[in-house]
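Chain by chain, the residues:
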Amino acid sequence: MTPLLDVQSLGKSYGGRIGCADVSLRLYPGEVLGIVGESGSGKSTLLNCLAGHLPPDTGRVIFDTRAEGPRDVLTMSEPERRMLGRTDWAFVHQNPRDGLRMRISAGGNVGERLMAVGARHYGEIRAQATDWLARVEIAEARIDDRPSAFSGGMQQRLQIARNLVTGPRLVFMDEPTGGLDVSVQARLLDLIRGLVRRMGLSAIVVTHDLAVVRLLADRLMVMKDGHVIETGLTDQVLDDPQAPYTQLLVSSVLQV
Amino acid sequence: MIPMIHVENLAKNFTLHNQGGASIPVIAGAGFSVAPGECVALTGESGAGKSTVMRILYGNYLAQGGSVRIGTIDITKAEPREILALRRETLGYVSQFLRVVPRVPTLEVVAEPLLALGRPEEEAFDRARDLLTRLRIPERLWTLSPTTFSGGEQQRVNIARGFAHAYPALLLDEPTASLDATNRETVLTLIEEAKAGGAAIVGIFHDLEARARVADREIDVAVFTPKLA
Amino acid sequence: MRDTDYNFAYLDEQTKRMIRRAILKGVAVPGYQVPFASREMPMPYGWGTGGVQVTAACLTPEDTLKVIDQGADDTTNAVSIRKFFEKTAEIAVTERTAEATIIQTRHRIPETPLTEAQILVYQVPMPEPLRFLEPSEVETRKMHALQDYGLMHVKLYEDIARHGEIATAYSYPVMVEDRYVMSPSPIPKFDNPRLVSAALQLFGAGREQRIYAVPPHTRVVSLDFEDHPFDPSKAPHPCALCGAEDSYLDEVITDDRGSRMFVCSDTDYCAGRRGEAA
């Protein structure tokens, strides 16, 4: 099987400081990969390099495009990369304010990606927006409200709807449940899991929350000081960690 | 007959890096086979390593040596995605504890293994309803998340989920613990049905009667425990 | 020789060359906003400093200039600019659309069809049609470069969602020659169809330091949705003075009791029709 995403020896430095170094990974269709580590471990740098938000210094990011098969995303032209970013890729930010247009209605936020790829029928755009709001459990009556009138959890669900409306194949998520109440987190995780399964999505989820990856991720990558120090099946890494740092990380979680 | 599960020369150590790097050998030289339709019970004192063996068989623990072949896959050397596919299609595991996403309705929890295989929703939910009925989970609870259920109810939901798909290889970790007589009988019947359906089963049964009824053989894991120097 | 101390048309020749280069580039790339080094003019920003600089760079001594503001030749702004060029360039001026070779305008396109011998110069307060939605200039330039225009339709979507129709009545965005999305300046959308013209159309934004152009006979399409097509609607009245039914009308309050009348905003057009009738 061709991997959907094939990352080879990716590296990024900030001057003399290592952001991430020599990261290689393969993501197959339908797989969810969790990346865990503490603040400064390089997990966000890695995610931003993969998603094209940051130019890495070394390495290749090969994506299996629909039209032309595997292509190195880093050597694509800007228009190609943007097109990828609003069709096959999606990026869910930790802070919904970074991923939403706060002055545009919920429906407009969801519809933007459709219009960006050429949708020009208002009725159809609106119908799709309504459908997607329902899928993320936002009442149709709220379609013309601005996100600023929404709660944090609703904003995050709206961001997910906005991202998934074009049927992407790969979703990057940066601490998708960070900053939310526990009960809201649970609802969001359930929602993401359901969408991932029904749409056959592949996802890379960066988080410091081990409970989140246990529920969402098939596989786990543990990062420390910019390096990948352990990878494996999520439950295996969490239940039988091998690296000293992973053992420390797992044993540091408060049990409820 | 070709065994469904074949364990050879298995070894497992725990290295505790944060406790002075102590390495504790827990299993060495373990080997056994389970044929389709056969149920093998692991026995031994508490702490002898029964659960550790089960977890290695499921790919939850890493082995330090030897091989564990499930069907055609050596789980000790397989890629994560191969193990995931194996768990989806071939290898089931019923543990004592339910671990699910909060808020997901019970019916969906039970149907999930079939949905993950891409079976039609109708078939998956029919099977889930059937199992929940047999295990006497009241219908009014089906739309609720099992996270709020009693221990016994949670265990039965877990069993229903474990038996939703007819896995060719099945691992059972104390499936009848803390069940009343009626539900225990249902679970034993489910195990017998799985055996009749050709499943190779490895189980841990503290319930001696249950063990005697469903297990064809017993393996004392004490023989796999390394002799401490 | 002239008896003023001004250089012809106020600006020095080097500045006019700089502006002409920007205009030529704008003509070569229709709808593209060309940055230029806008000069301080003897009038405040917002009074047409961009248009005046473009006009100054285009004027020759043989030109006849017409200046309109909201369609009228006799408003303060139009009169001031006309006088400014009468004094600094000593060119002929007119109020008749057909007689002018250069027409500087604020917020209207004349009703009388223009010809290939004419230049229409627009005063533009905000040249960037995407600005309302995207505050970053770096990002909007990138969006133009990549034809990343989904956002423009988001604005129209918001209109329909809120008002049931595209409520944008002026500065209605257009697509120029299938390439650049452009703001036509705050002309009423009624005028949009006339952006397809035989005349050269130049747009000057003084404060924002941008010049852009629509060459003669360029394709200019108003953005819309398939199920909400562009509609250049106007008030459903004939002109109270000349009876025209095809012109853009201003609403005029005639007393303190709320009486009103609708008259052509294009004063020359209206006067011309009344002259014909008389």
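Just so it is clear, the model here is predicted, and its values are computed rather than measured.

K.L.:
For this particular structure, what's the right way to read the side chain of Ser 197 of chain C?
P.N.:
All names here are of chain C. Relative to the helices and strands, Ser 197 resides in the loop between β7 (180-182) and β8 (200-205). On the accessibility criterion, Ser 197 (9% relative accessible area) is buried. Those residues within four positions of Ser 197 in sequence are excluded, and the remaining contacts are Leu 114, Pro 216 and His 217.

K.L.:
Quick question: what am I supposed to make of the environment of Ser 44 of chain A here?
P.N.:
Residues and elements named next belong to chain A. On the secondary structure map, Ser 44 appears in helix α1 (residues 43-50). Sequence separation between Ser 44 and Arg 169 is 125 residues, and the spatial gap between their C-alpha atoms is 20 Å. Contact partners of Ser 44, with chain neighbours within four places excluded, come to Asp 174 and Val 206.

K.L.:
I keep staring at the interface of chain A and chain B and nothing clicks. Help me out?
P.N.:
Note: interface size is frequently given as the accessible area lost on complex formation between the parts. Of the residues lining the interface, 24 residues belong to chain A; the matching set on chain B comes to 25 residues. For the pair chain A and chain B, the summed buried area comes to about 2300 Å², and 52% of that belongs to carbon and sulfur atoms. Area buried by chain A at its contact with chain B is led by Arg 197, Leu 233 and Asp 240 of chain A, which between them contribute 24% of it. Run the count over chain A and chain B and you get four salt bridges. In this structure, the salt-bridge partner of Arg 193 of chain A is Glu 112 of chain B, at a minimum N-O distance of 2.7 Å. For the interface between chain A and chain B, the tally reads ten residue pairs in polar contact (both at pLDDT 80 or more). Put simply, the parts of the chain that give the side of chain A that touches chain B at least two residues each are α7 (182-199), α8 (210-216), β10 (227-233), α9 (234-239) and α10 (244-251) of chain A. The biggest single contributor to the side of chain A that touches chain B is α7 of chain A, with five residues. In the side of chain A that touches chain B, the residues fall into eight nonpolar, four polar and twelve charged.

K.L.:
Explain the layout of surface pockets here, please?
P.N.:
Over the atoms, a rolled probe matching the size of one water molecule traces out where space is still vacant. Here the second largest pocket is characterised by a volume of approximately 980 Å³. Taken together, 29 residues line the second largest pocket, and the ones lying closest to its centre are His 53, Gly 85, Arg 86, Arg 113 and Arg 162 of chain A. Mapped onto the lining of the second largest pocket, the elements with two or more residues apiece are α2 (78-86), β6 (89-92), α3 (96-99), α4 (106-116) and α6 (152-164) of chain A together with α4 (137-145) and α5 (150-163) of chain C. Looking at which element gives the most residues to the lining of the second largest pocket, the answer is α2 of chain A, with five residues.

K.L.:
What am I meant to see in the packing of helix α5 (residues 122-135) of chain A against α5 of chain C here?
P.N.:
Between two packed helices, the angle of one axis relative to the other and the distance separating the axes together describe the packing. Running from amino to carboxyl end, α5 of chain A crosses α5 of chain C at an angle of 80 degrees, the nearest separation of the two axes being 11 Å. By the angle between their axes, α5 of chain A is roughly perpendicular relative to α5 of chain C. Together, Tyr 122, Ile 125 and Arg 126 of chain A of α5 of chain A and Tyr 157, Ile 160 and Ala 161 of chain C of α5 of chain C make up the contact between the two elements. Taken together, the residues of the contact of α5 of chain A with α5 of chain C sort by class into five nonpolar, no polar and one charged.

K.L.:
Looking at this structure, I do not really get the environment of Arg 127 of chain B. What am I missing?
P.N.:
Residues and elements named next belong to chain B. Position of Arg 127 among the secondary structure elements: in helix α4 (residues 121-134). Exposure remark for Arg 127: the relative accessible area of 29% places this residue in the partly exposed category. For the pair Arg 127 and His 165, spaced 38 residues apart in the sequence, the C-alpha separation amounts to 8.8 Å. Excluding its chain neighbours within four sequence positions, the residues that come into contact with Arg 127 are Leu 114, Phe 163 and Ala 164. Looking at Arg 127, its side chain comes within polar contact range of the main-chain oxygen of Phe 163, at 2.8 Å.

K.L.:
I keep staring at the interface of chain A and chain C and nothing clicks. Help me out?
P.N.:
At the junction of the two partners, chain A supplies 22 residues and chain C supplies 22 residues. Per-residue buried area on chain A facing chain C is highest for Arg 82, Arg 120 and Tyr 122 of chain A; these three make up 36% of the total on that side. Between the two partners, chain A and chain C, sit four salt bridges. Of the charged contacts in the structure, one is a salt bridge between Arg 101 of chain A and Glu 134 of chain C, with a shortest N-O distance of 3.7 Å. Where chain A meets chain C, there are eleven residue pairs in polar contact (both at pLDDT 80 or more). Put simply, the parts of the chain that give the side of chain A that touches chain C at least two residues each are α2, α4 and α5 of chain A. The leading source of residues in the side of chain A that touches chain C is α4 of chain A, at five residues.

Definitions and cut-offs
Residues numbered from 1 in each chain as written. Chains lettered and ligands numbered in written order. Predicted model: local features only at pLDDT ≥ 70, side-chain atom pairs only at ≥ 80, totals over all residues. Heavy atoms only, no water. Helix = DSSP H or I, 4+ residues; strand = E, 2+ residues; numbered from the N terminus. Buried < 20%, exposed > 50% of the residue type's maximum accessible area, 1.4 Å probe, protein only. Contact = heavy atoms within 4.5 Å. Buried area = accessible area lost by both parts, 1.4 Å probe. Salt bridge = Lys/Arg side-chain N within 4 Å of Asp/Glu carboxyl O. Polar contact = N/O pair within 3.5 Å; in protein donor to acceptor, adjacent residues only side chain to side chain. Nonpolar A, V, L, I, M, F, W, Y, C, P; charged D, E, K, R; others polar. 1 Å grid on protein atoms, 1.4 Å probe; cavity = no way out; pocket = protein on both sides within 12 Å on 5 of 7 lines; lining within 4 Å. Points joined across faces, edges and corners; volume = space filled by probe spheres on them. Axes fitted to C-alpha atoms, helices over the stretch in contact; angles between N-to-C directions. Parallel < 35°, antiparallel > 145°, perpendicular 65-115°, else oblique.

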